[in-house]
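Residues per chain, in single letters:
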Amino acid sequence: MTKKKKWIIGGGVFVGLIGLIILLLFTLFSLKHVEVDFRTSTTFLTATSEEIVETGEFAYGSSVVFHSKKAYKENIEKKYPYIKVINIETVFPNKFIIHVSEREEVFAVAKDDSQFYITDQEFKVLKIVESFQSLQNNPILLSGIEIKAQAIEGQFLNVSGYIDVFSALIENNRQIFEQKALIKEINFENFKNDKTNKNEILANLELFSGQEVKLYNCQKMLKEKVASFIQVFSQIYSLIGKEIKIVHENGEFEILGSWDKETLDSAVIEINNYYLTDGIYFKILPKAYLNAGDN
């Protein structure tokens, strides 16, 4: 057999293999089945698996190998704001599985004087309401942040001035339901630190139990400051019967009496970092004392 014939035969075999592969890609590996896998329980989502799949507008009959899944995800999440598509898994030879979870109502953000955005932790707008106090999942009111542009249901809010206290609490093993049971409102306030002559952000946490938590300079060491808050709050009533001692910057201190439950119920917990070291310190102060002018 001549060299030329060998090349012809080899080329024919190669072309045949390519043709077989293409045939398999568009027959054996053509998309025929799409299923939905719920990774969480659902509270607000009423759509059936069939409706979710239909919304995705999947291209049945095309090869699962060459699919771009981004459009399917966007179609589903646009139609159903409460759905978070975790990923779309390819199961060979011809199936997709859509892994989804339900987004949780985490924040309430004022849209205007009469309406509120209800969003998840990623600031996706789940719905717009006139009042959020009676909502079943008790979202945390966020204030002191700026909304860059208005949004509709299913879109993401573009905000500035928010420091991620939520994630810091998650990192300290406080899950979403615990945070919403504990925190009524988080307000962010810009202020100039006289000690450092720098602009900082103060996060004020208003708790349902009545106390207020001030996380100073919350751009720095936030995880550690949240950990300190959790520890202090969990032990705050152990102070009952102990002296209320206020220590001033000049080292002088004054005794205001002793802690009782009523005073602790409205106490202010201040948490900050030392400016020459990486240490964290806290103060527990009666709200009445702060309202009298000491800060």
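See the structure above.
Residues numbered from 1 in each chain as written. Predicted model: local features only at pLDDT ≥ 70, side-chain atom pairs only at ≥ 80, totals over all residues. Heavy atoms only, no water.

A few points about the overall build of the protein chain
A count of helices and strands for the protein chain gives eight helices and 16 strands. The long-range fraction of contacts in the protein chain, counting pairs at least 24 apart against all pairs at least 6 apart in sequence, stands at 52%. When the accessible area of the protein chain is evaluated, it comes to approximately 16,900 Å², of which 53% is carbon and sulfur surface. (Helix = DSSP H or I, 4+ residues; strand = E, 2+ residues; numbered from the N terminus. Contact = heavy atoms within 4.5 Å. Areas by Shrake-Rupley, 256 points an atom, 1.4 Å probe, with all protein chains shown as cover.)

Comments concerning the sheet that holds strand β16 (residues 280-285)
What the nine strands build is an open sheet, ordered β6-β5-β4-β7-β10-β11-β12-β15-β16; its pairing is mixed. Single-partner strands in this sheet number two, and they are β6 (125-129) and β16. Ignoring strand direction, the axes of neighbouring strands in this sheet form an average angle of 25°. As paired elements, strand β11 (residues 198-207) and strand β12 (residues 212-215) share four bridges and run antiparallel to each other. Along β12, the bridge assignment pairs Glu206 with Glu212. Packed onto the sheet, helix α6 (residues 222-234) meets β11, β12, β15 (268-273) and β16 and runs at close to 150° relative to β15. (Pairing = 2+ DSSP bridges. Axes fitted to C-alpha atoms, helices over the stretch in contact; angles between N-to-C directions.)

Observations regarding the side chain of His99
Position of His99 relative to the elements: it lies in strand β3 (residues 95-102). Polar side-chain contacts of His99 include one of 2.7 Å to the side chain of Asp37. Engagement of the side chain of His99 in a polar contact is seen with the side chain of Arg39, the distance being 3.1 Å. (Polar contact = N/O pair within 3.5 Å; in protein donor to acceptor, adjacent residues only side chain to side chain.)

Digging into the pattern of salt bridges
Two side chains of opposite charge can pair, provided their charged atoms sit close to one another. Using the criterion set out here, one finds 12 salt bridges in the structure. Linking Glu122 and Arg103 is a salt bridge whose minimum nitrogen-to-oxygen distance equals 2.8 Å. Of the two residues, Glu122 is situated in the loop between β5 (116-119) and β6 and Arg103 in the loop between β3 and β4 (107-110); the sequence distance between them amounts to 19 residues. Through salt bridges that share partners, Glu77, Lys84, Arg103, Asp120 and Glu122 make up one connected network. (Salt bridge = Lys/Arg side-chain N within 4 Å of Asp/Glu carboxyl O.)

Concerning the nonpolar core
Core analysis: the biggest nonpolar cluster contains 47 residues, and Phe107, Val109, Leu142, Phe188, Leu205, Leu215 and Phe229 have the highest contact counts within it. With five residues, α6 is the single largest residue contributor to this core. Once you skip the residues sitting within four places of it in the chain, Phe188 turns out to touch Leu142, Ser143, Gly144, Ile145, Gly161, Tyr162, Ile163, Val165, Ile201, Leu202 and Ala203. By size, the runner-up hydrophobic cluster in this structure holds 18 residues, among which are Leu31, Tyr72, Ile88 and Val100. (Core = buried A, V, L, I, M, F, W, Y, C linked by side-chain atoms within 4.5 Å. Buried < 20%, exposed > 50% of the residue type's maximum accessible area, 1.4 Å probe, protein only.)

A closer look at the pairing of strand β13 (residues 243-247)
Residues Ile244 and Ile246 of β13 are buried on one face, while the alternating residues Glu243, Lys245 and Val247, pointing to the opposite face, are not. Looking at chain direction, β13 and strand β14 (residues 253-258) are connected through four bridges and run antiparallel. Of the residues in β14, the one forming a bridge with Lys245 is Ile255.

A short note on a nonpolar patch on the surface
A cluster of nonpolar side chains, contributed by Val65, Phe66 and Phe92, occupies part of the molecular surface with about 340 Å² of accessible area. Under the relative-accessibility criterion, Phe92 is labelled exposed at 53%. (Patch = residues over 30% accessible without salt bridge, like charges linked within 9 Å, V, L, I, M, F, W, Y side chains within 5 Å.)

Side note on unusual backbone geometry
Residue Phe92 is joined to Pro93 through a cis peptide bond whose omega torsion reads 15°. Here Pro93 is to be found in the loop between β2 (83-91) and β3. At Asn138, a position not held by glycine, the phi torsion is positive, near 55°. Within the element layout of this structure, Asn138 appears in the loop between β6 and β7 (140-143).

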